[in-house]
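Now for the letters of each chain:
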Amino acid sequence: MGPLGSFAPGAGRRLPRAHAVSDAPRLDLNGTWRFRLAGKEGYTRIEVPGHWQLSGFGAPAYTNVRYPFPIEPPHVPDDNATAEYRRRFDLPADWPGHGAVLRFLGVDSAFTAWLNGTELGWSTGSRLTTEFDVGALLLRAGNELTVHVHQWSPGSYLEDQDMWWLSGIFRDVTLLARPSGAVDDFFMHADYDDRTGAGILRVETDMRALLSVPSLGLVDVPAAGPHRVDDITPWSAEVPHLYSGTLDAGGERIALRIGFRTVEIRDGLLTVNGRRVLFRGVNRHEWSPDRGRAVTTDEMLSDVRLMKQHNINAVRTSHYPPHPDFLDLCDEYGLYVIDECDLETHGFAVVDWRGNPSDDARWRAAYLDRIRRTVERDKNHPSVIMWSLGNESGTGQNLKAMSAWAHERDPGRPVHYEGDADCGYVDVYSRMYATHDEVAAIGRREEPAISDPARDAHRRGLPFVLCEYAHAMGNGPGGLLEYRQLFETYPRCQGGFVWEWIDHGIRRPGHFAYGGDFGEVLHDGNFVMDGLLFADRTPSPGLVELKAVIAPVRITLDDMVAVSNLHDFADSADLRFEWTYEVEGVPVESGELDVVPIGPHETIGVPPPALSRADAESWLTVRAVLAHDMPWAPAGHEIAFAQRQITPAPTRTAAYGRPDTAQFDRAMLTRLGAMPVHGPRLDLWRAPTDNDRAVFGPSVATPWRAIGLDRLTHRVIDRDDFVLRTRVAAAATDLGMLVSYRWRADGSALVLTVDAEPDGDWPVPLPRLGMRLALPASIAEVEWFGGGPGEAYSDSTQALRIGRFRRRVEELQTPYAFPQENGNRRLVRWAELFGPDGGVRIEGVPTFELTVRRWTNEDLDAARHPSDLVPRDELYVNIDVAQNGLGTASCGPGVLPQYELRAAPASWTVRLVPLPPRADPLDGA
């Protein structure tokens, strides 16, 4: 019947098996192929791997949940692009004359293949390996490989995975020689006995084979074993020790990388090598801004290194098995992997799950085919510690059958699936976006009961993971620290996986495109831009915050320096502990603490350094850094830091007078020294973040706009020389703010005290509370003493450190794919904004929050891409008391109560000092 009219997963394919690296010949068939879309004249050229929509044929489309076609399985629309790929190739002169296999690593969404005019078969399962036997069809020269690829197929109903709909041969195509008598498939079992320290190695093979692991004293021994080896070094994400070996049969030698480890549920906890592990994890879609899911080896390596550099120890492969090379990197560099099957039927939620394939027997073969191809391909990776049946596919007998098959085939790994709420066929209790309170209740095993007492008791006895939490869309997520505290308080709560790793932006001139930018009739906007990395793999402030929150080393500075090693397996021998003493942000002393190696989950105390007295505010910073080069980062790379204030800021003695050095217009400042100024005026608005707008969570932006905080007006109540009293409010509401501005002089400084009092019963938190000042556009740079170097908000402060920093104005902006509030610096003591025509020094009494940008908050609010933001002829400075927290409500809980900015009386003071022209620009400025 072929791939378009059947519930079957394919035909003519080989049975799924493990991937192997061997000395048998192979021929890479990637490169330039001939290509045409059905109904189009003539052939053109296209690169494989790749997607045709990113190669000038058709257009990408993004939906999160909704299918972009009618829901009538297994049917797909007649308007279904079909592409023909053609590749001619010759065999190398030394190609052996025995069997051969043609391997496709990924084709979206269904394809049929022919070699030299003979149909090989067809397949679905876009992100799963498909192999065909082709040895009898090969010619020494002039081989013609033809592949027909359909954009839509019945398999598309199983692949609704919150990502761009993109088609084509997007992973590698390879021809593999298969010697007669060689091992075709093998299953390597390398178990670790944490009670004795011994390793047990056995290898299941389909042909008799010999095993060699010279470093373990095993040379040409029967592969089946079992072989017991005492005192092995086990594999973990922290100590990813691999033993090199070979498997020999039929004239072929297969290279092995063996990691001894055991995964089991023990006493209600998920353990690796007998110890509870804590997942400091992320969800990872495969993405390249230029090639879509056709990721390169360099991009995969970049992902792994960046994860390790940011203290991440685990990956959930959302929502399909990754390119197999990624798992090789996880084995080598050390990352725990939840390997997820290529399955999601989320679009059936739109029709109340009617007809969902998960409980339809006609789809049973396709479901089992997908889990088999996942497990068989990846079963030899020590990094894979759990199988996941898929994502957001409801529940039903087909999922239960998948779980039963996985448990039977591989008893050594637990099975995960978040959709099984009662945990009837999984081994861990998993949730998405549970609130902090819910996680605490689950940690106490006090979650709401299941009606069946036996099932309820079973679920309460399972370990708990958040397979998705802390939605990293736009500015955020906030509240990460409080999640970490719960994971450390309740042993049952074994961490989670932040959603997600990278923005799925498609590179376009001046910006990265998201849903709707390609004219899609149905799309979900920028919900695809929800990563800790920007699309070009630049770390976002959210990733920097996550790194600080989940740091596996914790330093506490008090009378002693307490150093805690939070690793489960690794000691701290690879770290050194450097300290720096700064006075008003300027380093004056530094050194290294003598910290002996600390074992896992141990804490030691060491004396702090002896520090000189300071006449200004001073801080001690201690950093844990790599003592030597690691494969994923150079020596000196920072793992964790801590700070302690040593000397407080001296108390300023004020001598107030009339502000005669400044010019005012009706008590509003118009000139400071020689510099024109406009304002300041009370400002309550910020361009809503994705978490404020919260498409899938509790939105605060909607009531903000309803109240009119984006369209405030100012009415003067009265003025008295240098005191101005106003009421700030919006049309159509009786809510307002009563604000007074009082100006005084203190030597060369102009001192402003602002008092604000809410008028009315404000129902929602304020976006911000502060004032906005307009300065000349010639101001180019900002130097400040306070929190930095990056942005921070009330519930996202763990990466903040107190110091002296300097940036160009443009560098103070965070280029979120969808423009929104960004760039806030907290706890600023003073800031100097300067340029060739002079500037201003702003001093807090004692601190303030600062944002500086070349456009207004309203401009930021109106923009849809960073390229929409055009610098104005003024510079806009927000001097704030506070902003509302960030939360993670774009798909999760909102701002925790302690971080909400509630309307309440407030008073704050700043000092403004004119600065002369400054001609020492930053390099490149």
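All of these numbers come straight from a predicted model, not from anything done at the bench.

Q: Would you mind going over the overall build of the protein with me for this structure?
A: Of the regular secondary structure elements, the protein holds eleven helices and 57 strands. Put simply, the protein has 925 residues, and 61% of those count as buried. When contacts within the protein are restricted to residue pairs at least 6 apart in sequence, long-range pairs at least 24 apart make up 74% of them. As presented, the protein carries roughly 34,100 Å² of accessible surface, and 50% of it is formed by carbon and sulfur atoms. Put simply, the protein has 95 plus and 129 minus side-chain charges, and the middle of one group is 1 Å from the middle of the other.

Q: Would you mind showing me how to read the sheet that holds strand 33 (residues 464-469) here?
A: Sheet strands line up and pair through hydrogen bonds in the backbone, either parallel or antiparallel. An order of 31-30-29-28-27-34-33-32 is seen for the eight strands of this open sheet, with the pairing classed as parallel. Strands at the two margins of the open sheet, each flanked by one partner only, are strand 31 (415-416) and strand 32 (429-432). Bridge count between strand 33 and strand 34 (residues 493-498): three bridges; the pairing is parallel. What sits directly across from Leu466, in strand 34, is Gly496. Sheet strands in contact with helix 3 (residues 364-378) are strand 29 (336-340) and strand 30 (384-388), and its direction is about 175° off that of strand 30.

Q: Explain the sheet that holds strand 12 (residues 130-133) to me, please; I cannot follow it from the model alone.
A: Spatial ordering of the open sheet is given by 3-16-8-12, a layout of four strands whose pairing is antiparallel. Each having just a single partner strand, strand 3 (26-28) and strand 12 make up the two edges of the open sheet. Here the strands of the sheet are splayed against their neighbours by 20° on average, with no regard to which way each runs. Of the pairings in the sheet, the one linking strand 8 (residues 99-104) to strand 12 comprises four bridges and is antiparallel in character. For Leu102, the partnering residue across the bridge sits in strand 12 and is Phe132.

Q: Where do I start with the packing of helix 1 (residues 297-309) against helix 2 (residues 324-333) in this structure?
A: The relative placement of two packed helices comes down to the angle between their axes together with the axis-to-axis distance. Direction vectors running N to C along helix 1 and helix 2 enclose 35°, while the axes themselves pass 10 Å from each other. Helix 1 and helix 2 meet at a crossing whose hand is right-handed. Counted together, Thr297, Met300, Leu301, Asp303, Val304, Arg305, Met307 and Lys308 of helix 1 and Asp325, Phe326, Leu329 and Tyr333 of helix 2 form the full contact between these two elements. Tallied by class, residues from the contact of helix 1 with helix 2 come to seven nonpolar, one polar and four charged.

Q: For this particular structure, what's the right way to read the nonpolar core?
A: A general trend in soluble globular proteins is that nonpolar side chains are found buried together. Ranked by size, the top nonpolar core spans 117 residues in total, and within it Ile312, Met402, Val439, Trp501, Leu546, Ile555 and Phe577 carry the most contacts. Sequence-distant contacts of Val439, that is, excluding residues within four places in its chain, are made with Ala434, Phe464, Leu466, Tyr483, Leu486, Phe487 and Cys493.

Q: What should I look at first to understand helix 7 (residues 480-489) in this one?
A: In an α-helix, one turn spans 3.6 residues; hence positions three or four apart end up facing the same way. Counting buried positions along helix 7 yields seven of ten residues, so the element is predominantly enclosed. Turning to helix 7, its buried residues are Leu480, Leu481, Glu482, Tyr483, Arg484, Leu486 and Phe487. Where the residues of helix 7 are buried, they touch strand 26 (275-276), helix 5 (436-443), strand 33, strand 34, helix 8 (541-549) and strand 37 (553-557).

Q: Help me out: how do you make sense of the pattern of salt bridges in this one?
A: Where side chains of opposite charge bring their charged atoms close, a pairing between them can arise. The full count for this structure, using the stated rule, is 85 salt bridges. Among the salt bridges present, the one from Glu144 reaches Arg86, with a minimum N-O distance of 3.3 Å. One end of the pair, Glu144, is in strand 13 (residues 143-150); the other, Arg86, is in strand 7 (residues 82-89), with 58 residues separating them in the sequence. Taking the relative accessible area as the measure of exposure, Glu144 reaches 15% and is therefore buried. A salt bridge links Arg804 to Glu584; the nearest nitrogen and oxygen atoms lie 3.7 Å apart. Placement of Arg804 in strand 53 (residues 801-808) and of Glu584 in the loop between strand 39 (575-583) and strand 40 (586-593) is noted, with a sequence separation of 220 residues between them. Judged by relative accessible area, Arg804 falls into the partly exposed class, the value being 31%.

Definitions and cut-offs
Residues numbered from 1 in each chain as written. Predicted model: local features only at pLDDT ≥ 70, side-chain atom pairs only at ≥ 80, totals over all residues. Heavy atoms only, no water. Helix = DSSP H or I, 4+ residues; strand = E, 2+ residues; numbered from the N terminus. Buried < 20%, exposed > 50% of the residue type's maximum accessible area, 1.4 Å probe, protein only. Contact = heavy atoms within 4.5 Å. Areas by Shrake-Rupley, 256 points an atom, 1.4 Å probe, with all protein chains shown as cover. Lys, Arg positive; Asp, Glu negative; His and termini not counted. Charge placed at Lys NZ, Arg CZ, Asp CG, Glu CD. Pairing = 2+ DSSP bridges. Axes fitted to C-alpha atoms, helices over the stretch in contact; angles between N-to-C directions. Left-handed = near helix turned anticlockwise from the far one by under 90°. Nonpolar A, V, L, I, M, F, W, Y, C, P; charged D, E, K, R; others polar. Core = buried A, V, L, I, M, F, W, Y, C linked by side-chain atoms within 4.5 Å. Salt bridge = Lys/Arg side-chain N within 4 Å of Asp/Glu carboxyl O.

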